[in-house]
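# Report on the structure
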Amino acid sequence: MSTIEQLKQDNAEFQWHPMAHPAAMKKSKPDIVARGEGCWIWDVDGHKLLDGVGGLWASNLGHSATAVRDAIVAQLDELPFYNTFRGTSHPRAIELSAQLVKMMEPDGVASVMFSSGGSDAVETALKLARQYHKLRGEKDRFKFISLRQGYHGVHFGGMSVNGNTNFRRAYEPLLPGCFHIDTPWLYRNPYTNDPLELGEICAELLEREIVFQGPDTVAAFIAEPVQGAGGVIVPPANYWPLVRKICDKHGVLLIADEVVTGFGRTGHLFGTRLWGVTADLWCLAKGISSGYVPLGATAISAKVAQVFNDDKSGQAAVGHGYTYSAHPVAAAAALATLAQIQALDVPGNAGRVGAVMQERLRQLEKTCSFVGNVRGVGLMLGIEMVDDKATRTPMPRSSDIPARVAKEAYQRGLMVRISGPNLILSPPLVISLDEVNHLCDVLEASFAAVEASL
Ligand code: PMP
């Protein structure tokens, strides 16, 4: 057996994949990605593909950012690991915290706490939110409100606020005190086709839920500025500003889960800036280190930080943190990434070439009989496939059409991601205009090929 065949067989035999049925993986061989350069990847069979997935919303600088690579190598030589517990620190952790706070000063950020990824960053935010209220003497404020279709990682806290029951069912019972409200989703809602009216209605749903629960019991509302894994759902422009006002009115903290939207994907450095609001806590990961080394961070606003800093009772000690919080190699990768984001104006590129991607692929709604809705902003885009366009009947989970489109794209040299009925695109943010046009050409041809075969 060739080495490549052996790899494929060993994968089926030994490795369980996230979000997959272990037995299914034994039947269908995975796409084994062996090498990357710029916005391109090569599978073990030598097939070259444009990376429409960006690793997984993460490889924002592409796969060969030498500045990040060099920073990692230098850090390995200098200090491969040390912790940041209690009174211990190391230079990269300090430099990165200062740099991040400087970047987020316009958003009102005062401090940052590191972790190893997005789920960790969410957990940190949820726990700090509860502790904040306890420190202020509002000890009953423990509940969390979040959005249906939202995704906040897989730890018990994040999973409990997740709005996708598929990720929750097998692990229930979850954290008590978590409640879900409707997402302002223009394509699928029972209320209205008018975006601003929908924004108002859904913001009112938040207020009604807070009042129903009792404002003195609600710790925080958590949401993604643009929902990613749920199918790239972009809220109306008035939604986040209204949510900010409602949270303030009822003393509820606003947690922005920017694991996907942070560091430029929407065309703005942070998703909250897209909506012109600030949060109280931000969850960051993925693009922070361009995926080169796992890293998460929770940014803490001056408002929240002050309550901890001013505490005289001793209860503000943060009983939370990870061995790898601010891992030196990850911190070095992140410092180099942040420098590149600024030097290359990564959010600007995402906005410019993203607009072309949005404009071109939106045409699929008109040209393809089973594309119901194309939506997104910047370099994040979702294509929702439907059974019946006129009635917007969802494509059943059992349909093989999305997988067939992905296969057509793969054969034409484009890696895409399928999540239920949605095809999701999140290419590296340094992608060029030529590459974006190539991505659109390939996708148009892939949808046309599947349509012709029906
Ligand atoms: N929050 C959001 C919005 C995410 O999209 C993700 C991951 N896709 C997470 C949290 C969890 O991040 P991780 O997989 O790094 O734990």
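The sections below set out a description of the structure shown in this document. (Residues numbered from 1 in each chain as written. Predicted model: local features only at pLDDT ≥ 70, side-chain atom pairs only at ≥ 80, totals over all residues.)

## Some points on the overall build of the chain
- The helix and strand inventory of the chain stands at 16 helices and 16 strands.
- The C-alpha atoms of the chain give 22 Å as radius of gyration, which agrees with the globular expectation for 454 residues (22 Å, within 12%).
- On the principal axes, the C-alpha backbone points of the chain span a range of 70 × 60 × 40 Å.
- For the chain, the proportion of its 454 residues judged to be buried stands at 49%.
- Considering only contacts within the chain whose residues lie at least 6 apart along the sequence, 71% involve residues at least 24 apart. (Helix = DSSP H or I, 4+ residues; strand = E, 2+ residues; numbered from the N terminus. Rg over C-alpha atoms; globule rule 2.2 N^0.38 Å. Buried ≥ 20, exposed ≤ 12 C-beta atoms within 10 Å, placed from the backbone. Contact = placed C-beta atoms within 7 Å.)

## Side note on the sheet that holds strand 1 (residues 33–37)
- Read from one edge of the open sheet, four strands run 1-2-3-14, paired in mixed fashion. Of all strands in the sheet, those bounded by a partner on one side alone are strand 1 and strand 14 (414–415).
- Pairing analysis gives two bridges linking strand 3 (residues 48–51) to strand 14, with the strands arranged parallel. Bridge assignment links Leu 50 to a residue of strand 14, and that residue is Leu 414. (Pairing = 2+ DSSP bridges.)

## Some words on the site of the ligand
- Around the ligand, a shell composed of 14 residues is seen, among which Gly 117, Gly 118, Ser 119, Gly 153 and Val 259 lie nearest.
- Among the elements that line the shell around the ligand, the one with the most residues is helix 6 (residues 118–135), at three residues.
- For the shell around the ligand, a count of residues per class yields six nonpolar, six polar and two charged. (Near = placed C-beta within 6 Å. Nonpolar A, V, L, I, M, F, W, Y, C, P; charged D, E, K, R; others polar.)

## A look at the packing of helix 15 (residues 401–411) against helix 16 (residues 433–453)
- Two numbers describe how helix 15 lies on helix 16: the axes approach to 8 Å, and their chain directions differ by 130 degrees. The orientation of helix 15 relative to helix 16 falls into the category oblique. In terms of crossing hand, the pair formed by helix 15 and helix 16 is right-handed. Note on element contacts: helix 16 touches helix 15 through Val 442, Leu 443, Ser 446, Phe 447, Ala 449 and Val 450, opposite Ile 401, Arg 404, Val 405, Glu 408 and Ala 409.
- Along the lines of polarity and charge, the residues of the contact of helix 15 with helix 16 split into eight nonpolar, one polar and two charged. (Axes fitted to C-alpha atoms, helices over the stretch in contact; angles between N-to-C directions. Parallel < 35°, antiparallel > 145°, perpendicular 65-115°, else oblique. Left-handed = near helix turned anticlockwise from the far one by under 90°.)

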